[in-house]
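# Chain and residue survey
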Amino acid sequence: MSLYAIDWPKLWKDGRYFAQLPLPTAPKRQTSSDGTLVGEVVAVATDLLGGAYELGTVTLPFQPAEHLEILPTLSEQSSFFWKRAARSLASQLATAKYPIRAQASHLVFWWARLGGLMGPTSTQARIGDQSDTCTSDGSNLEFSWAIPHSTDPSEESNRRIRFTIDPFHPERAHRIAGGAVLDHLWSDEGNMGLIKNEKGSKDWKDTLEKWLFPDIENSQEFVEDTTYMIAFDMEPSGEITLKQYYLPPRYAMPGTEPESKNRVTTRRGTSDIEPFKRLAKDLHPSLEVPLNMVVDFFNGDGKESGPRLVMIACDVIKSEKNRLKVYLCSERRTLKDMIYDMTLGGKISGPRVDVAMANFTKFFKRLFPYVDSEDSEFQIENNIPGFDELGRPTRDIVHMMYYYEFFVGEPIPYPKIYFFMDHFSKNDYETAKATELFFKDVGKPGEEGWMVEALAHANPHRPLDKRYGIHTMASFGTKPSGWEVTNYYSPELFAPEFADAQ
């Protein structure tokens, strides 16, 4: 039984943290609009809130450079994260050129459902050894941009905006069971008619959670030393697709008792990924063959990579479109070793893989231009402390992270590699510029400076070249359709520059 029992219905009904709304009804688009930016935003907000809240008035003519403030303040906590996180999200949606109604929809959803999950307004207030693992600065929110390599940044919906939240209780200041949070957001009571919740779309999440924690009674039970993360894919349609992540408990230090008293099937840091064979079989029989390829590789030719488990994830969609993702870390940091591990020593091969690895090599050379050989390691630029000022562990990862994703019906795994750029780059400008140059190398259209400018616009609290920290990770992955670059960002929720600007 968790030490942190929560009255979940009471939490969801607390209007200081979560908007109290009527159940969504169809059709969604009911309120008429005059077609202007203000008219569209007000119409979307009116439909989503269902008359439960009075909207603020807007002085006309409205200037696009102004903040359009029409939503009421739920609480100081909600306002804090609205200003520091949602405003950045608004910028990202705008520069990605999402349709205005989709932008408004995603922002109203944030205001109504997510501010209360961000926890206290300082990391010092958090309980226990719970410094965040999303970012190295303690922000329990991480944005990401999945960037196509063929679209022009001036086009509509030119990239996908997503984010991940590590949910904390708004008052008790401890982590809460992400499975229960996702269940609520997926439900009719919590989804505002925006989250995809087809029948059966939560089956994999429930199966994975029960496999990982076989003795919990339900998703509302928090397993100590587990980090639960929920990802939100913001779609240009205004809909949202969820994903669930689990960082399982660590092994206990020698001479100490494990923090989690629950039985767990696997632990963070283990090199044994054999237990995933049963999970693959339970989720879908077609996952067994590609999963076995990864297990056999790291038990054999890839054993020197020293892989250690980081986390497990799946999408919240129907089985036939779903995927299992297994995240592993390795300390090997040469280009040659990375390609070896991504291709399972050459077992994943073919023209599609050759093209992907050639582009990965270009990406690597843009991120680390000083590396002159595929056998040379890139260097660690920033020695981020392993503990915060209260002695709690931080995300001080200095190794590589991979995931292997397993799609239903696909006979091979698809790898993705992550570079922790807050450790590996001198500042955020360098990483953004390197990524932009890589896209130019592969023929992506766009005016010079498009990526740097978009990132700076989303983070006006400080110059990108001031230090590292906004760019958390840069990644390169393969998909059945080709390859993809995704970059990840911290909003630096607790950065001193925010306080200085007040």
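This write-up is about the structure you can find in this document. Model, not experiment: these values are computed from the prediction.

## Observations regarding the packing of helix H2 (residues 37-49) against helix H4 (residues 100-114)
- Closest axis-to-axis distance for the H2/H4 pair is 9 Å, and the angle between their directions is 45°. In terms of axis orientation, H2 runs oblique to H4. Read as a crossing pair, H2 and H4 show a hand that is right-handed. Along the contact surface, H2 presents Leu37, Glu40, Val41, Ala43, Val44, Ala45, Asp47, Leu48 and Leu49, while H4 presents Ile100, Arg101, Ala104, Ser105, Val108 and Trp111.
- When the residues that make up the contact of H2 with H4 are grouped by side-chain class, the tally is 11 nonpolar, 1 polar and 3 charged.

## With respect to unusual backbone geometry
- We note that Asp225 has phi near 65°; this positive angle belongs to a residue other than glycine.
- With respect to the secondary-structure elements, Asp225 resides in the loop between helix H6 (203-212) and strand E3 (227-234).
- Positive phi, normally seen in glycine, also occurs at Leu344, with a value near 55°.
- With respect to the helices and strands, Leu344 occurs in the loop between helix H9 (335-342) and helix H10 (351-367).

## Observations concerning H6
- Of all the residues in H6, the buried ones are Trp204, Lys205, Leu208, Glu209, Trp211 and Leu212. Viewed end-on, H6 has its buried residues packed into an arc of 160°, placing them on one side of the element.
- Buried residues along H6 sit in contact with helix H5 (178-186), E3, strand E4 (240-247), helix H7 (276-283), strand E5 (308-315) and strand E6 (323-330).

## Things to note about the pairing of E5
- Across the 8 residues that make up E5, a large majority, 7, are buried.
- With 6 bridges joining them, E5 and E6 adopt antiparallel strand pairing. Counterpart to Leu309 in the pairing with E6 is Leu328.

Reading the values: the criteria
Residues numbered from 1 in each chain as written. Predicted model: local features only at pLDDT ≥ 70, side-chain atom pairs only at ≥ 80, totals over all residues. Heavy atoms only, no water. Axes fitted to C-alpha atoms, helices over the stretch in contact; angles between N-to-C directions. Helix = DSSP H or I, 4+ residues; strand = E, 2+ residues; numbered from the N terminus. Parallel < 35°, antiparallel > 145°, perpendicular 65-115°, else oblique. Left-handed = near helix turned anticlockwise from the far one by under 90°. Contact = heavy atoms within 4.5 Å. Nonpolar A, V, L, I, M, F, W, Y, C, P; charged D, E, K, R; others polar. Buried < 20%, exposed > 50% of the residue type's maximum accessible area, 1.4 Å probe, protein only. Arc of directions from axis to C-beta. Pairing = 2+ DSSP bridges.

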